[in-house]
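# What the coordinates show
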Amino acid sequence: MNKNIFTAYLPDERVDGLQKVTGQAKYTAEHAITNLAYGVFVCSTITKGKIKNINTTKALAAPGALEVLHFENCPKVPGYQPSAFPELKNVGEWRGLKVFADNLVRFNGQPIALAIAETIESANEVAKLVEITYEVEPHETDFDTLRKDPAKLKGSNNYVRGKNQAYKEAPFFVEAEYNIPIEVHNPMEMHATIAHWETPDTLLIYDKTQGPKSTQSAVSKLFGLPEKNVRIIAENVGGAYGSALRSWPHVPAAVIAAKKLQRPIKVVLTRPQMFNLVGYRPQSWQKVGVGADANGNLLGITHYAISNSSRYEDFREGIVDASRFLYKCDNVDTDYKILPLDLSTPTWMRGPGEATGCYALESALDDLAFKLKMDPIQFRIKNFTEIQQESKLPWSAINLKDCYAKGAELIGWKNRKLSPRSLKEGDWFVGYGMGVGVFGAGRGTSTVRAILHVDGRVVLESAVSDMGAGTATAMTKVAANSLGIAESKIKFVMGDSDLPPGPTQGGSTTTSTLGSGVHLACESLKDLLKDLAIELVDAFKLISKEKIGVEAMKVFSIDDKNISVTAEELVKKKNVPFLDIVKTSPGLNPREIQRATNSFSVHFVKVNVHSKTNEIQLKHVVTTGDAGKIISEQTARSQMLGGAVGGIGMALTEEVKIDHTTGKITNATLGNYIVPRHNMIPPIDVWFTNKPDPYINAIGAKGLGEIAIIGFAAAVSNAIFNATGKRVRDLPITKEKLAKVKA
């Protein structure tokens, strides 16, 4: 395929785009290894109890059958019982479900056996023939009912600033409850692991992971191996949204099976298994109270939340955190508890915690603005704060007012009416809504190797993976800006734990963290070239280093630019095939800079709601971001587009349904779990403030993956209320729910 045919359509080309759209990019399950066998999970059909018997006679008699791995024949795993392996120095207890460790069933669909065969078809057949009998115990999966029993709640996390529940004393206040169902990641690529013991104590794993180094650490501790003996390959990741931030049961299952059979094993989850084996956004209940005086000054914010976890592992996230600091308010109190249920463990899903919490907070603020007869934007500007209200630190940078102004202009906010049901086009009510998003903008530690080849090419290496955010493209741009050379001369290599340690991709920190490492490595490479010029070129020997510059990989005297030498010439003079340098960029502690570091977004939605059928149509979306310097405009825009689509799903379609009689998910397919269809996606405008943050790092960039969705569901809900005067607080918002609400 002619690469140039894409040029006219891509203002900012992805460095890995051609390989991905032409199918050349290889994903985890596509790797081929000699003598590979295939594993398929056999999952529990009950929700809680014990396995009484596993009969594998018929299964092992099937053509191609190799083994059925289960709790009775599973080899001892050091990380399941570290105290039993005192001779192993690196062993650590496995986090989460210890697959095949015992006969207990903790949730419906739990992996209880692994059918292994010569082909995937044979493995599927073997799995069907495994016969299991259970001792069934009563289970609890009904969140809505059980959360009302205080005795079943766990881990209260209470915060009070000023007066408790002060909103109730305000002249104007609203309080309401909000419910969000379980939502599932559902990336295109199913999770997969290929495990291969190359020797008795060296392990090669191909895995779908957002962190090659974190997976390396988890697996090495599971088997008590030195980290250098475990290599993780994650060349490409086909979406994750947080589901690949940790290692799930299929990883140890594949490794244990490969050890037992002494041959490589591939385990690929099915789409239904993706619903409960790789985490999900937990179900949540929230109660928010907000109060203000007649001028719109916030006098009190109260935010309570409960979300579910599993019984075998606690999972918590920052649902109430944004309410503590985003708006100026002297009286704030929050409380967050978890409800253990007989379900699998939730995990971080794009916009973890804040996406849930800001839905309730931003919806409540919209209701209060309506009660005050104030424009929702002006209400938020009235309560804008220059300091983070919880820490009392000034922001490193905050440009929310720019987002308000530009978003309002692009969406046509001037057409919005203060009173609902005031704007109509034919049979359709028209409404406008907005919502604010906020997320931490951290910077972790990263190590990058920069290699300058004799022909002038620069290769950068770091052990990170990319789930589609465009990491390689962004890092190539950071390097090109630092070195002053064409992007075509730079290659960013990643997806291998043998490379210098890099961050896990998640929490909107990759560009800030890894970009800092790339920038430091490139600047250090330029500094090395100065040293080499002084060492190897006579004309530079009497010039002080401070008087030497480097531009476009040419070293020159600042006082006399006729004295110069190219980087390629220096490599040749050094008589080596390449120069390399490894640099580690440290993490950032906000206390060290005495600044609060956050990214912000404001989402705007125009919606039509049919006056008779209550059908909802999104007509226009504007999503704005305050994420510091935008390194790659195309990939940043794609992040915001993806967040908007995810936000549409969160607001209007996505919901896991559980039959609480059986504890089983009843819609664990993409046919029944409804994600937004193409015809639901309206025109979307994306705009960034694009103002560098002067404190967070040398490149001025902050994260934006999470803010792309945080606050979006509230913007949809607020637009629907503006159109109809109806407020549905239980997501997803459907025409059936709207029909039950009086305007």
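Residues numbered from 1 in each chain as written. Predicted model: local features only at pLDDT ≥ 70, side-chain atom pairs only at ≥ 80, totals over all residues. Heavy atoms only, no water.

We now examine helix α13 (residues 567-574). All buried positions along α13 are accounted for by Ala-567, Leu-570 and Val-571. Mapping the buried residues of α13 onto a view down its axis gives an arc of 100 degrees, with all of them on the same face. Against the buried residues of α13 lie β18 (446-453), α12 (510-536), β22 (554-557), β23 (564-566) and β24 (578-585). Following α13 by one or two positions, Asn-575 adopts a phi angle in the positive range, close to 60 degrees. (Buried < 20%, exposed > 50% of the residue type's maximum accessible area, 1.4 Å probe, protein only. Helix = DSSP H or I, 4+ residues; strand = E, 2+ residues; numbered from the N terminus. Arc of directions from axis to C-beta. Contact = heavy atoms within 4.5 Å.)

Turning our attention to the sheet that holds strand β2 (residues 49-55). As summarised here, the arrangement of the three strands in space is β4-β2-β6, forming an open sheet in which the pairing is antiparallel. Sheet topology places β4 (104-105) and β6 (131-136) at the edges, where each strand pairs with a single neighbour. Pairing between β2 and β6: six bridges, direction antiparallel. Along β6, the bridge assignment pairs Ile-51 with Tyr-134. (Pairing = 2+ DSSP bridges.)

Quick look at the sheet that holds strand β19 (residues 458-461) now. Across the sheet, four strands lie side by side as β20-β19-β18-β24; this open sheet has mixed pairing. Each edge of the sheet is formed by a strand with only one pairing partner; in this case those strands are β20 (490-493) and β24. Neighbouring strand axes in the sheet, compared pairwise and without regard to direction, differ in orientation by 20 degrees on average. Against the sheet, helix α11 (residues 471-483) makes contact with β19 and β20, and its axis sits at roughly 135 degrees relative to β20, the strand it touches most. (Axes fitted to C-alpha atoms, helices over the stretch in contact; angles between N-to-C directions.)

Our focus in this paragraph is unusual backbone geometry. Going from Leu-731 to Pro-732, the amide bond is cis rather than trans, its omega being -5 degrees. Relative to the helices and strands, Pro-732 resides in the loop between α16 (712-724) and α17 (735-739). Unlike most non-glycine residues, Tyr-241 shows phi in positive territory, near 65 degrees. Positionally, Tyr-241 belongs in the loop between β11 (230-233) and α6 (250-261). Unusually for a residue other than glycine, Lys-392 sits at a positive phi of about 65 degrees. Secondary-structure assignment places Lys-392 in the loop between α9 (376-382) and α10 (400-411). Since its relative accessible area comes to 44%, Lys-392 is described here as partly exposed.

Before going further, it helps to examine the environment of Ile-338. By secondary structure assignment, the location of Ile-338 is in strand β15 (residues 332-341). Here Ile-338 falls in the buried class, since its relative accessible area comes to 1%. C-alpha separation for the pair Ile-338 and Leu-525, spaced 187 residues apart in sequence, amounts to 50 Å. Beyond its immediate chain neighbours, meaning those up to four positions away, Ile-338 contacts Lys-152, Leu-153, Lys-154, Ser-307, Ser-309, Asp-314, Phe-315 and Arg-316.

What follows covers the packing of helix α8 (residues 354-372) against α16. Their axes nearest at 8 Å, the elements α8 and α16 cross at an angle of 30 degrees. In terms of orientation, α8 and α16 fall into the roughly parallel class. The crossing of α8 and α16 is right-handed. Residue-level contacts link Cys-358, Tyr-359, Glu-362, Ser-363, Asp-366 and Phe-370 of α8 to Ala-713, Ala-714, Ser-717, Asn-718 and Phe-721 of α16. When its residues are assigned to classes, the contact of α8 with α16 shows six nonpolar, three polar and two charged. (Parallel < 35°, antiparallel > 145°, perpendicular 65-115°, else oblique. Left-handed = near helix turned anticlockwise from the far one by under 90°. Nonpolar A, V, L, I, M, F, W, Y, C, P; charged D, E, K, R; others polar.)

Where charged atoms from two side chains of opposite charge come close, those side chains can pair. The final tally for this structure, using the stated rule, is 38 salt bridges. One salt bridge connects Lys-20 with Asp-16, and the closest N-O pair in it is separated by 3.3 Å. In this structure, Lys-477 and Glu-487 form a salt bridge, with 3.0 Å as the shortest nitrogen-oxygen distance. Here Lys-477 is found in helix α11, whereas its partner Glu-487 is found in the loop between α11 and β20, with ten residues between them in sequence. Owing to a relative accessible area of 31%, Glu-487 belongs among the partly exposed residues under this scheme. (Salt bridge = Lys/Arg side-chain N within 4 Å of Asp/Glu carboxyl O.)

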